[in-house]
There are 2 protein chains.
Amino acid sequence: MDYMKFTGDTLANEISSLVKSYEGYKAMGLSLNMARGKPSPEQLDLSMGMLDCLTSKDVLNASDGTDCRNYGGFDGIPECKEIFAKLLGVETDDVFVGGNSSLNMMFDTISTFMTSPLYEDTEPWLNVQNRKFLCPVPGYDRHFGITGYFGFKMIPVPMNEDGPDMNIVERLVAEDDTIKGIWCVPKYSNPTGITYSDDVVRRFAALRPAAKDFRIMWDNAYCVHDVTDTPDNLLNLMDECKKYGNEDLPIMFCSTSKISFSGSGVAALATDKHNMKVLRGKYNYQTIGYDKVNMLRHVKFFGGYEGLLDHMKKHKAILKPKFETVLSKLESELSGLGIASWTRPNGGYFVSVNVYNGTAKRVVELCKNAGVTLTNAGATFPYGDPDDSNIRIAPSFPSVEELSLAMDIFCVCVRLAAAERLV
Amino acid sequence: MDYMKFTGDTLANEISSLVKSYEGYKAMGLSLNMARGKPSPEQLDLSMGMLDCLTSKDVLNASDGTDCRNYGGFDGIPECKEIFAKLLGVETDDVFVGGNSSLNMMFDTISTFMTSPLYEDTEPWLNVQNRKFLCPVPGYDRHFGITGYFGFKMIPVPMNEDGPDMNIVERLVAEDDTIKGIWCVPKYSNPTGITYSDDVVRRFAALRPAAKDFRIMWDNAYCVHDVTDTPDNLLNLMDECKKYGNEDLPIMFCSTSKISFSGSGVAALATDKHNMKVLRGKYNYQTIGYDKVNMLRHVKFFGGYEGLLDHMKKHKAILKPKFETVLSKLESELSGLGIASWTRPNGGYFVSVNVYNGTAKRVVELCKNAGVTLTNAGATFPYGDPDDSNIRIAPSFPSVEELSLAMDIFCVCVRLAAAERLV
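Please read all numbers here as calculations on a predicted model, not as lab measurements.

Here's the deal with unusual backbone geometry
Move 1: A cis amide bond links Asn190(A) with the next residue in sequence, Pro191(A), at an omega value of 10°.
Move 2: Take Pro191(A): it is sitting in the loop between β6 (179–184) and α7 (198–205).
Move 3: That bond from Val137(B) to Pro138(B) is cis: its omega, -5°, falls within 30 degrees of zero.
Move 4: For Asn130(B), which is not a glycine, the phi torsion comes out positive at approximately 55°.
Move 5: Position of Asn130(B) relative to the elements: it lies in the loop between α4 (102–115) and β3 (132–137).
Move 6: Looking at Asn130(B), the number of C-beta atoms within 10 Å reads 10, which means it is exposed.
Move 7: In the Ramachandran plot, Asp388(B) falls in the positive-phi region, its phi being about 45° despite a non-glycine side chain.

Digging into helix α9 (residues 273–286) of chain A
Move 1: For α9(A), which comprises 14 residues, the first-to-last C-alpha distance of 19 Å matches the rise-based estimate of 20 Å (1.5 Å per residue) to within 8%.
Move 2: For α9(A), the set of buried residues is Asn275(A), Met276(A), Leu279(A), Lys282(A), Tyr283(A), Tyr285(A) and Gln286(A).
Move 3: Looking at the buried residues of α9(A), the elements they touch are β2 (95–97), α4 (102–115), β8 (250–255) and β9 (267–271) of chain A together with α4 and α5 (141–149) of chain B.

Some thoughts on the pairing of β8(A)
All names here are of chain A.
Move 1: For β8, the buried fraction is high: six of the six residues fall into the buried class.
Move 2: Covered by surrounding structure in β8 are Pro250, Met252 and Cys254 together with Ile251, Phe253 and Ser255, the residues of both alternating faces.
Move 3: Relative to β8, strand β7 (residues 215–219) is paired through four bridges, and the arrangement is parallel. Opposite methionine 217, over in β8, you have isoleucine 251 as the bridge partner.
Move 4: The β-α-β motif built from β7, the intervening helix α8 (residues 237–243) and the parallel element β8 has right-handed crossover chirality.

Thoughts on the relation of the copies chain A and chain B
Move 1: For the pair chain A and chain B, the best superposition has an RMSD of 0.0 Å and corresponds to a rotation of 180° with a translation of 0.0 Å parallel to the axis. Given the turn and translation reported, the copies of this chain are related as if by a two-fold rotation axis.
Move 2: Same-surface contact between copies: 100% of interface residues of chain A are shared with the interface of chain B.

The rules we used
Residues numbered from 1 in each chain as written. Chains lettered and ligands numbered in written order. Predicted model: local features only at pLDDT ≥ 70, side-chain atom pairs only at ≥ 80, totals over all residues. Helix = DSSP H or I, 4+ residues; strand = E, 2+ residues; numbered from the N terminus. Buried ≥ 20, exposed ≤ 12 C-beta atoms within 10 Å, placed from the backbone. Expected span 1.5 Å × (residues − 1). Contact = placed C-beta atoms within 7 Å. Pairing = 2+ DSSP bridges. Right-handed = clockwise from strand over helix to strand, strands pointing away. Least-squares fit on C-alpha atoms with pLDDT ≥ 70 in both.

So, in structure tokens, the structure goes:
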């Protein structure tokens, strides 16, 4: 049943049959959402104990004696820094704990370098004409939003199954000193779900950029976010960088947004002493310190890094059947048709589907009209998807039953859009 | 006993007597801190109920149905915006609720304008050569820190008893379009504790700056922070600005840092639709939304604006005797000597003392050596105090007993430093 081999007649029959299914779904008046990587209420319920673990009976002091209720604690309380150091695979001293969002910390990092040069002999990025940023595609729309806001020309770099195409990355950064950085989600990448191979991580660590102030924005959002029993392993970029004297290249980010409460988690960054000096030089005027009571709440609720890992098993138990539902629907409804391919991630928050070229927007539109909201087609590319093919599916928020129905509709839409196109 | 009328002999006797007192205090090996405007543990205890008002039994939805645990709620939950609208005297729609710190929001605001022009025909401030900012003095060191970090030349403007010297402000902003803003703490100013008069507020509202993108940074940090039973009243700047078509001039800030927990409060800004569009245009890439569980916690604990005002009465009950202790010590130990003057604020967190010219650093040093920490002399001026006279006293953190002792030592140091100078 390869669509490419359909004749005019069989194609017409297929369309007529698909339209009938589609209209049936449409008549159901559904409202299902697979657009954003939001935890489900069931996942958020896992952390409700956070509201009970600190009470008015407790003394709210950090391990170093800091009163968490008062000002101070510039870079975070020690026990919280320790957890993030383990999450990111760095020394505790290399961690800065921020507010409720790693995205906010990434924005602030780029913002810092826009006005404060990274070295005495480099320029603030605002003064760099034709400044550019590398954007592996498909990638995370909110990353592209930040560099777009700050006026970078964004250069798409194809993602392979083991990470960004490093031949292209190496060539581009070596020849153009107006390329100031690259966005990476190295583990369970958004949206493809792949994890960078050891070879890719080593090639990142060994980069020789023309720009002395080129930086790797290493957004390790899904560092402990497995959804199968065969998790991926990510090589430690900082350790590799040290082997090449490149420890000033990466700035690493993560948060508890998809571990505890998404809007009320704790975020952190880690980087080498040079970058940290520049960033602390800014934080010194930006903040007296972030929310230490919330840091303490997290430490107390998880009881440390091991407890946090145990907590992630509960998330996995909820997410695993959802990912399985998406993948089994794709398999049963779309495999062998020659019109779609997809990834099978071991973790993260997304499944990336490439539908028949030129039909992604149409699929999203068809789904929307049948009550199924998807991320806008093209959002995973800085300036839209030239092939109009990539769609990001976020299985986390709906229930398994909703997902199952939403995926039935999605698959009908993928087939219908392809058939329409082939007519 | 006017020091100015002392002869050589009486001065020598005075010094000898003061040194004896001073050495006595020094021998006590004290450690007292009047440096920063930090709430005392007793004040923080007032808000411990915040840790009990949301539990795992509660549904954490905002009034508009938003699940506060999840992503979203870009500009804050409605019921929290309402409280801030009342605190700042603006419409709820003009409020943006941020993270845990208004200082952070002020930094981010200046940071935004450094790279994003306020109007199509103005420049990002980074590109303005010789950019300048007006700094009423004595003022708040952390304000000066922000504009210093961003490379502004800071122009001190003398503070009078009714606010900044508006003759100077009006003249400077009218003649120099590289002056981009002014820092103001309009109520219970840091450190003098004075409140801007109606006339001063009206003159701010009527400013005609040469720079189209001149902005008033209106840090209303102490808007409900009375310490006496005769509170000051601040005219509503936004209402006045509207009368002059100047509603794009002010950006107003406040927070609950000195209402609930200092490190774990909620902050907000308010401004007109034009500035808000620029700022939201930035926030749109900087955040998905700040900590809504903490916003909900605050709303539930205070029960609304009126409840928050009631809560402030408890703070006042703790702070009032502390301010009285400071003032009565100054009165009994320093009045009539001709070597010191001070303010008698009705609110805020500071008493500002002008000691004998050329001795502020010496007083701070003497105090330090006797175990009493004060804010560094000169910190209340962007480039140091030309008269070496102003010292900021923060009475909030120590107990009344500690304060009493610390003020005894302070007064001896003020007299000793003056006497040394007069020899």
